[in-house]
Amino acid sequence: MPAVIPYIPEQITVHLGPPGSNAPNVTVPFKDYVKNVASSEIYPTWDESALRANILAIISFALNRVYTEFYRSQGYDFEITNSTAYDQAFVNGRSTFENVDAIVDDIFNNYIRRQGFLEPLAAKFCNGTTVTCEGLSQWGSQSLAQQGYNSVEILKAYYGDDIEIVDNAPIRGLVQSYPGTPLRVGSQGPYVVQIQAALNRIAQNYPAIPKISPVDGLFGPQTEASVRRFQEIFGLTPDGIVGKATWYEIVRLYVGVTSLAELYSQGQQFYNLSWNYAGALQQGASGTYVRQLQYMLLVLSDFISAIPPVQTDGIYGPATRSAVLAAQGYFGLPQTGTVDAQTWLELESQFNAVRDTVFRDQERFPYSGEAVQTAAVQTADQQERYELTTTLTQFPGFDLHMGARDPGRKEG
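Fair warning: this is a prediction, and the values are worked out from it, not measured in the lab. (Residues numbered from 1 in each chain as written. Predicted model: local features only at pLDDT ≥ 70, side-chain atom pairs only at ≥ 80, totals over all residues. Heavy atoms only, no water.)

Notes on the overall build of the protein
- Per the secondary structure count, the protein includes 12 helices and nine strands.
- Within the span of the protein, comprising 412 residues, buried residues form 50% of the whole. (Helix = DSSP H or I, 4+ residues; strand = E, 2+ residues; numbered from the N terminus. Buried < 20%, exposed > 50% of the residue type's maximum accessible area, 1.4 Å probe, protein only.)

Take a look at the structure:
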């Protein structure tokens, strides 16, 4: 249920006390938050490899709180607290150490995850002397550094050999996972996929919730029935519509049953959601991921004239390669014509920026109940839309000609 691609938030809101306390919040740049916590948690005189290992743990833990919407899904208006009983030490207004600042500037957009999992690792830690825990021992990390361990070796010693470091994660403004408008019968797209996958996983722990098959991104009667039963079980209005309250209750339950906010989680698998990099794509490839690539290129072509529009036919032909080359050139990437991880991530980031700033603009794309209802009976080709909001200003997915009418519009 969390956002599909983890990112580094430009800012983070910290509650200056335990979760339920009547304490103020402070919003600070994410880099400054990490510098503050690192300067509050560890000693600047430690070996650099120990400092780097601890800072990566601090970053990953904070990103896990952001990614899982751990507190937001419970109705709080912050991402993390400064209580070490729950989170990490943050001393509002304190000065930080120069060498710690330099390391944070270098690696603040890196984080730890387990191989095959999507979410940043909930990299719990303790000082290792007065308090011990399952995660990293801060003083123990310094001892390993003195024995010649590098930062990755230190982290693997505590978190296991199956971890990896993600480099250069995208940086963006904090965006809530809720799509902005309710999902209901007729809705379609990645948000519906998230709801369907999450409900199916929650149903393993709550068998009264009917499972949805297939997970196809189409909000039909099965999905409505599953949503309605979920709402009944958890005391929400059982209307079968995923509004904000239902969305975040699903987030909360999904994070809980999968232990995504715990050190040893079941993991957000890459195949659970539909918008992840699945390996290099090049001319001659075909299938779902090529279609998703073409969809992102098509949307971006309407905002970036340098990128030519493409057909979303799922076939990586010369036209798609030309669009990829143009996008790579525009974004300053190596112009190979092959969609590697860097190219996919850049396209995904740019596509998300358009989705979050334009498609959620209610003046340009107001919610249209009629569009939702009529979409259910359109052909597959007609469903090739930018977003299911309204037909206003969006290409309808089929040619317009003399005598054409809006879908479902009766003559007269």
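Side note on the state of the cysteines
- Within the structure shown, the criterion is met by one disulfide.
- In this model, cysteine 126 is linked to cysteine 133 through a disulfide, with the two sulfur atoms separated by 2.4 Å. Its torsion about the S-S bond being -95 degrees, the disulfide of cysteine 126 and cysteine 133 is classed as left-handed.
- For cysteine 126, a relative accessible area of 8% puts it in the buried group.
- Taking relative accessible area as the criterion, cysteine 133 reaches 36% and is therefore assigned partly exposed. (Disulfide = S-S within 2.5 Å.)

Section: the environment of glycine 160
- By the element assignment, glycine 160 lies in the loop between helix H5 (151–159) and strand S8 (163–166).
- Residue glycine 160 is classed as partly exposed on the basis of its relative accessible area of 23%.
- Placed 25 residues apart in sequence, glycine 160 and glycine 135 show a C-alpha to C-alpha distance of 9.9 Å.

Here we look at the packing of aromatic side chains
- In total, this model carries 14 aromatic pairs according to the counting rule given.
- Here tyrosine 43 and tryptophan 46 contribute two aromatic rings whose centre-to-centre distance is 5.6 Å and whose plane-to-plane angle is 45 degrees, an arrangement assigned as tilted.
- Classification of tyrosine 43 as partly exposed rests on a relative accessible area of 45%.
- Chaining the aromatic ring pairs together yields one cluster made of Phe70, Tyr71, Tyr76 and Phe78.
- The residue whose ring lies beneath arginine 65 is phenylalanine 70, and the NZ or CZ to ring-centre distance is 4.0 Å.
- The residue whose ring lies beneath arginine 172 is tyrosine 7, and the NZ or CZ to ring-centre distance is 4.8 Å. (Phe/Tyr/Trp six-rings, centres within 6.5 Å; stacked < 30°, edge-to-face > 60°. Lys NZ or Arg CZ within 6 Å of the ring centre and 35° of its normal.)

Topic: the nonpolar core
- One finds Phe30, Tyr33, Ile55 and Tyr159 to be the most contacted residues of the largest nonpolar core, which totals 46 residues.
- The element best represented in this core is helix H2 (residues 48–67), accounting for 12 residues.
- In contact with phenylalanine 30, other than residues within four places in its own chain, are Ile8, Pro9, Glu10, Gln11, Ile12, Ile59, Ala62, Leu63 and Phe108.
- Counting 26 residues, the second largest nonpolar core, distinct from the first, contains Val192, Ala203, Tyr254 and Leu260. (Core = buried A, V, L, I, M, F, W, Y, C linked by side-chain atoms within 4.5 Å. Contact = heavy atoms within 4.5 Å.)

Observations concerning the sheet that holds strand S3 (residues 25–29)
- One open sheet holds the three strands; their spatial order is S3-S2-S4, and the pairing between them is mixed. If you trace the sheet from one side to the other, it starts and ends with S3 and strand S4 (80–81), each paired once.
- Where strand S2 (residues 11–15) meets S4, two bridges bridge the pair, whose relative direction is parallel. Bridge assignment links valine 14 to a residue of S4, and that residue is isoleucine 80.
- Those strands touched by helix H1 (residues 30–41) are S2, S3 and S4, and its axis lies near 105 degrees from that of S3. (Pairing = 2+ DSSP bridges. Axes fitted to C-alpha atoms, helices over the stretch in contact; angles between N-to-C directions.)

Here we look at the environment of leucine 297
- The topology assignment puts leucine 297 in helix H9 (residues 288–301).
- As a C-alpha pair, leucine 297 and phenylalanine 351 span 54 residues in sequence and 8.3 Å in three-dimensional space.
- Look past the residues within four positions of leucine 297 in its chain and what remains in contact with it is Ile307, Val310, Thr320, Ala323, Val324, Ala327 and Leu347.

A look at the pattern of salt bridges
- Summed over all chains, the structure comprises 12 salt bridges.
- The residue glutamate 249 makes a salt bridge to arginine 252 at a minimum N-O spacing of 2.7 Å. Here glutamate 249 and its partner arginine 252 are both found in helix H8 (residues 244–258), three residues apart, which amounts to about one turn of the helix.
- A relative accessible area of 36% places arginine 252 in the partly exposed class. (Salt bridge = Lys/Arg side-chain N within 4 Å of Asp/Glu carboxyl O.)

Notes on the pairing of S2
- For S2, the buried fraction is high: four of the five residues fall into the buried class.
- Examined bridge by bridge, S2 and S3 share five bridges and lie antiparallel to one another. When the bridges of S3 are listed, glutamine 11 appears paired with proline 29.

Re the packing of H2 against H5
- At a minimum axis separation of 8 Å, H2 and H5 run at an interaxial angle of 55 degrees. One element, H2, and the other, H5, form an angle in the oblique class. As H2 runs across H5, the sense of the crossing is right-handed. Only Ser151, Ile154, Leu155 and Tyr159 of H5 make contact with H2, whose side of the interface consists of Ser49, Ala50, Arg52, Ala53, Leu56 and Ala57.
- Each residue belonging to the contact of H2 with H5 can be placed in one class, and the counts come to seven nonpolar, two polar and one charged. (Parallel < 35°, antiparallel > 145°, perpendicular 65-115°, else oblique. Left-handed = near helix turned anticlockwise from the far one by under 90°. Nonpolar A, V, L, I, M, F, W, Y, C, P; charged D, E, K, R; others polar.)

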